[in-house]
Amino acid sequence: MAGADRISELHDSILTRILSYLTTKEAVRTRCLSKRWRNVWASVPVLDFDSADFWSYHIPSSTSEQLKCQDKFVEIIDAVLASRQVQQVDRFRLAWKYQVRNYPRHGHPLRRWIPYVVQQLPRVLSLYLEPLYDRLEIPDLTFTCSSLEEMKLQVDCSWLGSPHPPLVALPHLRKLYLGRFYISTDFMDKLLLGCPSLEELELHACCLFISQISCGNLKSLVINGCYPTTEIEVSIPSLQYLKVTVMSSDLLRKQDIFSKTCHL
Amino acid sequence: MITLISSDKRKFHVLEEVANQSLTIRDVIEDRRGRRRADRIILVTNINSKIPEKVIVYWLRHFLMPEEIAHASMSHKKAEKLKKWEAKFFDTDIDTLNDLILAADSLDIPSLFDGACEKVSDILKNRSAEEVGEISKIENEFTHEEEEEEIPSENAWVWRNEFA
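Residues numbered from 1 in each chain as written. Chains lettered and ligands numbered in written order. Predicted model: local features only at pLDDT ≥ 70, side-chain atom pairs only at ≥ 80, totals over all residues. Heavy atoms only, no water.

In the annotation of an unreviewed UniProt entry, the entry for chain B reads SKP1-like protein, and the organism field reads Rhynchospora breviuscula. The record in UniProt for chain B states the following under Function (unreviewed entry): "Involved in ubiquitination and subsequent proteasomal degradation of target proteins. Together with CUL1, RBX1 and a F-box protein, it forms a SCF E3 ubiquitin ligase complex. The functional specificity of this complex depends on the type of F-box protein. In the SCF complex, it serves as an adapter that links the F-box protein to CUL1." Taken directly from UniProt, the Subunit (unreviewed entry) text for chain B runs: "Part of a SCF (SKP1-cullin-F-box) protein ligase complex." (UniProt positions renumbered as here; feature names shortened; annotations may be inferred.)

In the annotation of an unreviewed UniProt entry, chain A is listed under the name F-box domain-containing protein and assigned to Rhynchospora breviuscula.

A. Geometry of the UniProt feature "domain: F-box" (unreviewed entry) in chain A. The feature "domain: F-box" (unreviewed entry), as annotated in UniProt, sits at residues 10-49 of chain A in this numbering. Secondary structure across residues 10-49 of chain A divides into 35% helix and 10% strand, with the first and last C-alpha atoms of the span separated by 26 Å. (Helix = DSSP H or I, 4+ residues; strand = E, 2+ residues; numbered from the N terminus.)

B. Expanded view of a negative patch on the surface. On the surface, a cluster of negative charge is contributed by Asp27, Asp31, Asp105 and Asp108 of chain B. According to the relative accessible area criterion, Asp108 of chain B is partly exposed, its value standing at 34%. (Patch = residues over 30% accessible without salt bridge, like charges linked within 9 Å, V, L, I, M, F, W, Y side chains within 5 Å. Areas by Shrake-Rupley, 256 points an atom, 1.4 Å probe, with all protein chains shown as cover. Salt bridge = Lys/Arg side-chain N within 4 Å of Asp/Glu carboxyl O. Lys, Arg positive; Asp, Glu negative; His and termini not counted. Charge placed at Lys NZ, Arg CZ, Asp CG, Glu CD. Buried < 20%, exposed > 50% of the residue type's maximum accessible area, 1.4 Å probe, protein only.)

C. Broad picture of the pattern of salt bridges. According to the stated counting rule, one finds 17 salt bridges over all chains in the structure shown. For Arg123 of chain A, the salt bridge goes to Asp90 of chain A, with nearest N and O atoms at 3.0 Å. With Arg123 of chain A in the loop between helix H4 (110-118) and strand E3 (124-131) and Asp90 of chain A in the loop between helix H3 (63-83) and strand E2 (91-99), this residue pair connects regions lying 33 residues apart in the sequence. Ionic pairing is found between Lys125 of chain B and Asp122 of chain B, a salt bridge with its closest N-O pair at 3.7 Å. On the basis of relative accessible area, Lys125 of chain B is assigned to the partly exposed category, the value being 30%. A network of salt bridges, in which partner residues are shared, links Asp48, Asp50, Arg91 and Arg93 of chain A.

D. The arrangement of the packing of aromatic side chains in detail. Taken as a whole, this structure holds 14 aromatic pairs over all chains when the rule is applied. Relative to Trp159 of chain B, the ring of Trp41 of chain A has its centre 5.6 Å away and its plane inclined at 40°; by these criteria the two rings are tilted. Highlighted residues: Trp41 of chain A in the loop between helix H2 (24-29) and strand E1 (46-50) and Trp159 of chain B in helix H10 (residues 156-162), drawn from two different chains. Grouping residues by exposure puts Trp41 of chain A and Trp159 of chain B together as buried. Ring plane angle 20° and centroid distance 5.2 Å describe the contact between Trp85 of chain B and Phe89 of chain B, whose orientation is recorded as stacked. Placement of the pair is Trp85 of chain B and Phe89 of chain B together in helix H5 (residues 76-89), with a separation of 4 residues, close to one helical turn. Take Trp85 of chain B: its relative accessible area is 23%, and that puts it in the partly exposed class. (Phe/Tyr/Trp six-rings, centres within 6.5 Å; stacked < 30°, edge-to-face > 60°.)

E. Region of interest: the packing of helix H1 (residues 12-19) of chain A against helix H7 (residues 110-124) of chain B. Running from N to C, H1 of chain A and H7 of chain B cross one another at 65°; their axes reach a closest spacing of 8 Å. Comparing their axes, H7 of chain B and H1 of chain A come out roughly perpendicular. Crossing hand, H1 of chain A versus H7 of chain B: right-handed. Residues Ile14, Arg17, Ile18 and Leu19 of chain A of H1 of chain A lie in contact with H7 of chain B, whose contacting residues are Phe113, Asp114, Cys117, Val120, Ser121 and Leu124 of chain B. Its residues placed into classes, the contact of H1 of chain A with H7 of chain B shows 7 nonpolar, 1 polar and 2 charged. (Axes fitted to C-alpha atoms, helices over the stretch in contact; angles between N-to-C directions. Parallel < 35°, antiparallel > 145°, perpendicular 65-115°, else oblique. Left-handed = near helix turned anticlockwise from the far one by under 90°. Contact = heavy atoms within 4.5 Å. Nonpolar A, V, L, I, M, F, W, Y, C, P; charged D, E, K, R; others polar.)

F. Molecular detail of the interface of chain A and chain B. On the chain B side, the residues contacting the 33 residues of chain A number 37 residues. For the pair chain A and chain B, the two sides together bury roughly 3,500 Å², of which 63% comes from carbon and sulfur. Linking chain A with chain B are 3 salt bridges, by the criterion used here. With a shortest N-O distance of 3.7 Å, Arg6 of chain A and Asp95 of chain B are connected by a salt bridge. Taken together, chain A and chain B are joined by 4 residue pairs in polar contact (both at pLDDT 80 or more). Those elements that provide at least two residues to the side of chain A that touches chain B are H1, H2 and H3 of chain A. (Buried area = accessible area lost by both parts, 1.4 Å probe. Polar contact = N/O pair within 3.5 Å; in protein donor to acceptor, adjacent residues only side chain to side chain.)

G. Quick peek at the pairing of E1 of chain A. All names here are of chain A. Burial within E1 is extensive, with 5 of its 5 residues counted as buried. Examined bridge by bridge, E1 and E2 share 5 bridges and lie parallel to one another. Its bridge partner being in E2, Asp50 is matched across the sheet by Ala95. (Pairing = 2+ DSSP bridges.)

H. Spotlight on H4 of chain A. Residues and elements named next belong to chain A. Along H4, the positions that sit buried rather than exposed are Leu110, Trp113, Ile114, Val117 and Val118. Buried residues of H4, viewed axially, fall in a sector of 125°; they line one side. Buried residues along H4 sit against H3, E2 and E3. (Arc of directions from axis to C-beta.)

I. Region of the structure containing the nonpolar core. The biggest cluster of nonpolar side chains holds 117 residues, and the ones touching the most others in it are Leu94, Leu178, Ile183 and Leu221 of chain A together with Trp59 of chain B. In this structure, Leu178 of chain A is in contact with Leu153, Ile183, Phe187, Leu191, Glu202, Leu203, His204 and Cys206 of chain A, ignoring residues within four places of it in sequence. (Core = buried A, V, L, I, M, F, W, Y, C linked by side-chain atoms within 4.5 Å.)

J. Seen up close, the domain arrangement of chain A. Residues and elements named next belong to chain A. Looking at the assigned domains, one finds that chain A contains domain 1 (7-44), domain 2 (47-152) and domain 3 (159-264). At the junction of the two partners, domain 2 supplies 16 residues and domain 3 supplies 18 residues. For the pair domain 2 and domain 3, the two sides together bury roughly 1,600 Å², of which 63% comes from carbon and sulfur. It is Phe143, Glu149 and Met151 in domain 2 that bury the most area against domain 3; as a group they hold 37% of the surface buried on that side. (Domains from an automatic or database assignment.)

Given below as C-alpha cells:
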C-alpha cells in the first residue's frame, strides 16, 4: 500500500464531494494534478467565487487596471460556467468586492449568472457585492428560487434602495441573512409571507423602515447594527433566540418578547 | 451486541445502540432481528483492523452527543469541544483518511464521511500540484505538450494563468 496514490482511485462521486469543500478556484486547480483529476472539478455541485482569490485590492492601482482585473474576473467565471459538466449547483457563493465598472441597467453579469444557477436548483445562495458606482439590483429571480434553504445577500452600496421584487416565493427557505439593505414595510411583508418555513432571520446593518415584525414560526431573530427609523414591535410567538443591537435602541419595544425569551 | 469482522479477520464487538450510527448496520440489524446470534456478525471486507478501531472511537464520541441534540440545544462550549476533538481525530495520514472515507461510504455514516472528505480537501487547498503530489502520492504524468493540448483555445489564458 505504501507509496501508492489511493486518493485518485476513489470513486468520482467521492472526489467531487472532497472538492465541494473548496472554493471554485482551488477546485479547478486540481485539474493540474494528473489526468485522473483533469475533469473532476467540472462535476462539483458547488460554485464559490471570491474576487479576493483572483486579485488583491491592497495594491494601489489605476482605474484602468482595476477595470481590467474586474473584466478578467467576469471572464473567468463565464469560462468556468461554460466548462462545467453537470447540471447541478447545490451551493453558489459570489463575493465580488470593489466592482468599478458601471454596467448598463440590464447588462450586469448577474443577469446571466443568477438564472444559470437558479435553473440548477441550488439549496444555498450567497451574494456579497460591493459596487462602487453602479446602482445594482439583485435579479428578481433570486426571490423566487424555490429550491433555496439558505440565502445570504449583502450589497455594500449607498445608492441601493429597498429591493422590490414583484414576488417572494421561497417555500423551503430556513435561513435568511440580509446585509446593508433598506427594508421597507412592503418588502418585509412580502418576505415573511413568501418564506413560510423561515426559522432564522438576520438583518445586518440594514435601514429599517418597518414598524413591526410578526411571523409564524421564526425561531431566531438577529437585528445587528441596524438603523430603525421608527418604533418596531416584534411579535413572534415561536421565537427562541433574539439578539438586537441597533443604533438607537429606545425605538425597539420588546414587551412581546420578554415572556418568550424566559423559556430559553 | 453485534460483531464486526475486518478484512484481516479481527473481531470487534459493538453495542447495537452504538453501531446503529451506521445506517447500513442499522438496516442489517432490523433485517435480522430475532434471529440467531451467528447472524449478528457483519463482515466489513474492505477495511483493515485499524479502521474499525477508529470508527468505534468516533461512534463512542458521537454516541455521547447525538446530532439532533447537537443542533438544537448544544451549548457553544460543548460544540467547540466536539469540534476540537474532531480536528484531532481527523488529523491523520492520507491513507487512513482514504480508508475512513471508504468505510464511512460503505457503512453509511454521513458525518464521518463528510468530516474525512473535508480533511482531504484541506490537503488540496492552496498547494501546488507538486506539493499535493508529495503528500497524496498523486503522480503528475502530464507532459508539457499534453498539458497545452488539452487547454481549450477559447479563453486559454484563464486555464493557463488563473488555474495553474
